[in-house]
Amino acid sequence: MAAEKDSNSYQNEAVESMLEEISHMDEAVRAQMGHMMETMLLSCSFNGQTCTPWDFHRFSNWRYGNCYTFNSGWNGSSLLNSRNPGSDYGLSLALFLQTNEYMLALTETVGLKVILHDQNEIPFPEDDGMIVSAGAHTQIIAQRLEVERAPLPVKPGCRAEQDNSSNYYSQVIPGLRYQEKTCWRSCLQKEIVRRCGCQSGYYPGPGVGVCQHRDPDDSNCTDTVQLQYRSGELQCDCLPACHETSFKAVASNALWPTGHAWDLIKAKLEVYFPYLKDRNMTVGWARENFAKVEVFYPALNFEKVTQSQAYYELDLLSDIGGVLGFWIGLSVASLLELVELILLFFVALVSSRKKTLVNKVKDEERT
């Protein structure tokens, strides 16, 4: 166990050092170091129409490097719509994974991370999404889910889409709506900058110097802030978004490619990537380097969840009035019954005395 712990600690330190080195590089250099869509995309279609690498928007992620969003709508690009259900009208991709370019210290798996998200939100592949395995044809069936939350005083409250203040991620992609996750990340980055005088290379920041992992002061400071962040000690005031769009997804897969399909793909590869002709491109090699993904709606409907206040102040006043009216009415009825009881008692008493007097008079007459 000790040897395993030491090995894991050494591996984590190596990963931290490598990620730190990458974070110091210029964005253009980092982009060139990662996988490029131009050399990955074998085929692409959406709604029955061919798509190209230029239909994907690249953004950088601290763990996965180059990530690509299809139909992002970012930077003023037009949005594509699918008006029919079924796999023929969704997104279909065949991708070359280029496993020979993997950084072995950063990954232990071969495949893709696929996230379905709204165009106005930035994805977090380190936290969300599903893994698509190499050597498989994966179908992802999606359903749109919209959540409308009520603001305070309804607990826990929510934050409006327009309230995107102090969000460092809006510097990366302008026009993003408020997300609870970007708020938490920005809050963490702010605290690191305030207390350590540098910024984490994992998240967007104000542009100050990146904290040095090998510097004991920087390392101890950032570790302390990270520990407080994980334990919930940082006061970030990050509420859920009042309007949030997400997607429910169910995935299934099958082995791909088959021998016949690989013969067709292989001929295409040799045209687009001549340097692969010298490799022994067997079906086994293909199943370690290729993946096919289809994403589509099974039906053109969506689910909407609305949070609303169940009990309003007017309802409280109405209920108080009703209860008071009930008890006041009950009290008046009880008072009238008491008066009636007293009157009956008085009438009975007077009647009893009259009867006694009459009997006495009769007895005197007899004597």
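Everything numeric in this text was worked out from a predicted model, so none of it was measured. (Residues numbered from 1 in each chain as written. Predicted model: local features only at pLDDT ≥ 70, side-chain atom pairs only at ≥ 80, totals over all residues. Heavy atoms only, no water.)

Digging into the state of the cysteines
Here the structure, examined in full by the defined rule, presents 6 disulfides. Between the sulfur of cysteine 158 and that of cysteine 242 lies a disulfide, 2.1 Å long from S to S. The sign of the S-S torsion, about 85°, decides the handedness of the disulfide formed by cysteine 158 and cysteine 242: right-handed. Placement of the pair is cysteine 158 in the loop between β8 (136-148) and α4 (169-172) and cysteine 242 in the loop between α6 (216-231) and β9 (243-255), with a sequence separation of 84 residues. What makes cysteine 242 buried here is its relative accessible area of 15%. Each sulfur of the disulfide joining cysteine 187 and cysteine 236 lies 2.1 Å from the other. Looking along the S-S bond of the cysteine 187-cysteine 236 disulfide, the torsion reads about -80°, which is the left-handed sense. (Disulfide = S-S within 2.5 Å. Helix = DSSP H or I, 4+ residues; strand = E, 2+ residues; numbered from the N terminus. Buried < 20%, exposed > 50% of the residue type's maximum accessible area, 1.4 Å probe, protein only.)

Section: the pattern of salt bridges
Applying the stated criterion across every chain yields a total of 13 salt bridges. Between lysine 181 and aspartate 127 there is a salt bridge, with its nearest N and O atoms 4.0 Å apart. With lysine 181 in helix α5 (residues 180-196) and aspartate 127 in the loop between β6 (111-114) and β7 (130-133), this residue pair connects regions lying 54 residues apart in the sequence. Residue classification places aspartate 127 among the partly exposed positions, given a relative accessible area of 42%. Residues joined in a network through salt bridges with shared partners are Asp118, Glu121, Arg144, Glu146 and Arg177. (Salt bridge = Lys/Arg side-chain N within 4 Å of Asp/Glu carboxyl O.)

Let's talk about the confidence of the model for the protein
Residues of the protein with pLDDT of at least 70 account for 86%, and the chain-wide mean is 82. Within the protein, the element-level pLDDT minimum falls on helix α1 (residues 2-23), averaging 57, and the maximum on strand β10 (residues 290-296), averaging 96. Note on residues 1-7: pLDDT under 50 across the span, and 0 contacts to partners over four residues away in sequence or across chains. (pLDDT = per-residue confidence, 0-100. Contact = heavy atoms within 4.5 Å.)

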